[in-house]
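# Structural overview for review
Residue-level listing of the chains:
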Amino acid sequence: MKKQIASYRILGLRLLPLLIALLLPLQMWGEDIKAQLMALPGISKVEELKSSKYDHKYLMNIRQWIDPNDTTVGAFQQRVIVCHVGFDRPTVLVTEGYNCNYALKEGYAEELSKLFDANLIFVEYRYFAASTPQPCNWRYLTVENSLADLHHVNATFHRLYQGKWMATGISKGGQTCLFYRVFYPNDVNISVPYVAPLNRSVEDGRHEPFLRDQVGTAKERQRVLAFQQTVLQRRNALMPLFKDYVTKNGLTFRAPLNEIYDLCVLEYAFALWQWGTPVSSIPASTASDEELFNHLIRISNPGYFSIQSSDLSFNVQAAKQLGYYGYDVKPLRKWLSVKTTKDYLRRIMLPDSLRNEPFNATLYHKTMAFLRHHDPKMIFIYGGLDPWGSSGVAKLDFLQNKRNIHVFVLPRGSHATRIASFPEIERNEIVDIIRQWLDEGEENK
């Protein structure tokens, strides 16, 4: 009998943590939201933020392992923003690809969370801003590790938010949203990646023909090319302005200034179409030097190629796993100071210590196989003029036969395309699909 009692006691001790975990949200249901967040494991520095869009908004840290497969490497603090609506509401997990600085602003509102009156959990990407491990060892900046971060965030906050979950992200965050579904297909019920590329190499090869032959109209493409030709032909007059701008802004580079000027001109076409700058705003070839220069710098800033750029973490990932784009130099070759821009990402945008990082296409192939053989509840949003869309999933023929995967392309949309950007009919269709998924039972996840 004593042995039997002892066995019950041991069993009870083993079950106690599980019971606590299950009962915690119920026990704390009526208590302060901040206290409930602070009680979650690994959460620290919970700070209430002002918001004009959400009744309750908090900034906090969550402890993450630098290497999820080897905890001896140590941990770092990752920033998370929580906008609380209700424990009985769905939850949107924002798989941010960069830092969370813009989401800290008082007026920040995320589209899906407002459309569906959902809680919001916004996760800053590892190795960006305050979520950078110290010391900064680039070895552990991998997509797989960033997805393990999201999986841990999901498991942690699911203790409080037990309704349906949606994942969403924009641009690199959209990539992250897609990859998150590939690696952890059961973490969320719905995924909505915005303007997410799926690149197959460092210089993917699909962006150049898109910009040369497909984007906009032939007349619009010619006007863009004419501006590029003009600022190259008038290099001697514009270069003093360029040098002065670089000096005043404290920019330094890993290449001669003439090559940086070339890169700015080549980048101009990509940047103009990416953000939907009206072609009508392009100055005529007879415009003054100052007008030409100011327009070029506004669209394609040399800081993007500088040592001081804040995009180093992205550049590292682009070279290793995410891929990037190249430039078509043929139409402008006679005016360029360089014969080729091949491998410019590594040469210009990475320090010497990272320049020889090989590109691994495993992520691309794994994602393509997942999309081909599975049919999760996903909605992809693209802008038809956005060069990043040329390496997205919109042109994958096999997706047309899917029941759950939907792709919506706004014909004249840019990288800023959102659900609200679409005409009413398409906008309502997207919202209705998501609402139907939210209303379905868990068996239809």
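Small disclaimer: the values here were computed from a predicted structure and weren't measured. (Residues numbered from 1 in each chain as written. Predicted model: local features only at pLDDT ≥ 70, side-chain atom pairs only at ≥ 80, totals over all residues. Heavy atoms only, no water.)

This brings us to the layout of surface pockets. Taken as a whole, the largest pocket encloses approximately 780 Å³ of empty space. Every residue lining the largest pocket is counted, 33 residues in all, and those nearest its centre are Tyr98, Gln274, Trp275, Tyr304 and Asp311. Residue contributions to the lining of the largest pocket peak at four residues, all from helix H9 (residues 257-274). In terms of residue class, the lining of the largest pocket is made up of 16 nonpolar, eleven polar and six charged. For the second largest pocket, the calculated volume is near 290 Å³. (1 Å grid on protein atoms, 1.4 Å probe; cavity = no way out; pocket = protein on both sides within 12 Å on 5 of 7 lines; lining within 4 Å. Points joined across faces, edges and corners; volume = space filled by probe spheres on them. Helix = DSSP H or I, 4+ residues; strand = E, 2+ residues; numbered from the N terminus. Nonpolar A, V, L, I, M, F, W, Y, C, P; charged D, E, K, R; others polar.)

Attention shifts here to the sheet that holds strand E4 (residues 91-95). Taken in spatial order, the nine strands make up an open sheet running E1-E2-E3-E5-E4-E6-E7-E8-E9, and their pairing is mixed. The sheet terminates laterally at strand E1 (43-48) and strand E9 (405-410), the two strands that pair on one side only. Here the strands of the sheet are splayed against their neighbours by 20° on average, with no regard to which way each runs. Pairing between E4 and strand E5 (residues 119-123): five bridges, direction parallel. (Pairing = 2+ DSSP bridges. Axes fitted to C-alpha atoms, helices over the stretch in contact; angles between N-to-C directions.)

What the rule picks out here adds up to 23 aromatic pairs. Taking 5.4 Å as the distance between ring centres and 25° as the angle between the ring planes, the aromatic pair formed by Phe87 and Tyr161 counts as stacked. Taken together, the positions of Phe87 in the loop between strand E3 (75-84) and E4 and Tyr161 in the loop between helix H4 (143-157) and strand E6 (165-170) put the pair 74 residues apart, joining distant regions of the chain. Its relative accessible area of 11% is what places Phe87 among the buried residues. Measuring from ring centre to ring centre gives 6.0 Å for Tyr180 and Tyr184, while their planes differ by 50°; the resulting arrangement is tilted. Residue Tyr180 is classed as buried on the basis of its relative accessible area, which comes to 1%. (Phe/Tyr/Trp six-rings, centres within 6.5 Å; stacked < 30°, edge-to-face > 60°. Buried < 20%, exposed > 50% of the residue type's maximum accessible area, 1.4 Å probe, protein only.)

This part takes up helix H5 (residues 172-183). Given a rise of 1.5 Å per residue, twelve residues ought to cover 16 Å, and the 16 Å separating the end C-alpha atoms of H5 matches this to within 8%. With respect to burial, H5 is a largely interior element, eleven of its twelve residues being buried. Those residues of H5 lying buried are Lys172, Gly173, Gly174, Gln175, Thr176, Cys177, Leu178, Phe179, Tyr180, Arg181 and Val182. (Expected span 1.5 Å × (residues − 1).)

Further remarks concern the side chain of Asp386. Here Asp386 lies in the loop between strand E8 (378-383) and E9. No salt bridge is formed by the buried Asp386, whose closest oppositely charged neighbour, Arg418, lies at an N-O distance of 7.7 Å. Setting aside its immediate chain neighbours within four residues, Asp386 contacts Val195, Phe210, Trp273, Gln274, Gly413, Ser414 and His415. (Lys, Arg positive; Asp, Glu negative; His and termini not counted. Salt bridge = Lys/Arg side-chain N within 4 Å of Asp/Glu carboxyl O. Contact = heavy atoms within 4.5 Å.)

Looking now at the environment of His295. Mapped onto the fold, His295 is located in helix H10 (residues 289-299). With 27 residues separating them along the chain, His295 and Tyr268 place their C-alpha atoms 9.8 Å apart. Residue contacts for His295: discarding those within four places in its chain leaves Phe227, Tyr268, Ser281, Ile282 and Pro283.

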